[in-house]
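Breakdown of the fold
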Amino acid sequence: MLYMIKDILKTTLLSVPYGFFIALAITLCVNRAIGNNFKHYTSLLNKKRFRLILYTITYIFMLLYRTVLCRSSDYEPLSDVWGGWGIEIFEYTGIDYGTIIGNVLMFIPLTLIILFTFPDIFSSIKDIFIKCTAFSFCLSLIIELLQLIFHKGTFQISDIVYNTLGGALGVGLFVLYQTKIKGRRK
């Protein structure tokens, strides 16, 4: 468990500054069409939706950093396509959390960030579930294809399934949160 926490903190500390800079650059370039002065840019930072978009892009960069960018190119990408379905225990690091727990947990915050950032693109709980699960599946597939192309990991079907499951669990947590909030307001 301690190894898992250290790994998450290390990944976060190494990727967030770069991810935030990239997110800021992307959003400012996109918003350049709206206005091109510094005062306009600083006013954007005061808007909640703009900040949430920054967080979304930053988190996606963190995922790409953890799964592709920080890895060496010495993997055999098709060596274990059908592997990764169980929890392995290693002598020095303990449980291999990355296989199941890590892959599921990586996509829960992503789904929640998307749901809080873009609530207006969803019309119902069913629509939320379908779109967020599809997004999780597509992003996971892109990650696995990048690992395959650049030899930065092994392409595994189990990773796609666990990431998609994480996206679906994120939807469940969001619906639970919305139910509790609406229940309190009545």
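All values derive from a computational prediction rather than experimental measurement.

With respect to the confidence of the model for the chain
Summary statistics for the chain give a mean pLDDT of 82 and a share of 80% for residues scoring 70 or more. No element of the chain has a lower mean pLDDT than strand β2 (residues 94-95), which averages 54, and none a higher one than helix α5 (residues 125-150), which averages 94.

Remarks on the pattern of salt bridges
Within the structure shown, the criterion is met by two salt bridges. The residue Asp-127 makes a salt bridge to Lys-131 at a minimum N-O spacing of 3.3 Å. Linking Asp-127 with Lys-131, this pair stays in helix α5, spanning four residues, or about one helical turn. By relative accessible area, which is 37% here, Lys-131 ends up partly exposed.

With respect to helix α3 (residues 48-69)
The first and last C-alpha atoms of α3 sit 29 Å apart over 22 residues, in line with the 32 Å expected at 1.5 Å per residue. Of all the residues in α3, the buried ones are Phe-50, Leu-52, Leu-54, Thr-56, Thr-58, Tyr-59, Phe-61, Met-62, Leu-63, Tyr-65, Thr-67 and Val-68.

Parameters at a glance
Residues numbered from 1 in each chain as written. Predicted model: local features only at pLDDT ≥ 70, side-chain atom pairs only at ≥ 80, totals over all residues. Heavy atoms only, no water. pLDDT = per-residue confidence, 0-100. Helix = DSSP H or I, 4+ residues; strand = E, 2+ residues; numbered from the N terminus. Salt bridge = Lys/Arg side-chain N within 4 Å of Asp/Glu carboxyl O. Buried < 20%, exposed > 50% of the residue type's maximum accessible area, 1.4 Å probe, protein only. Expected span 1.5 Å × (residues − 1).

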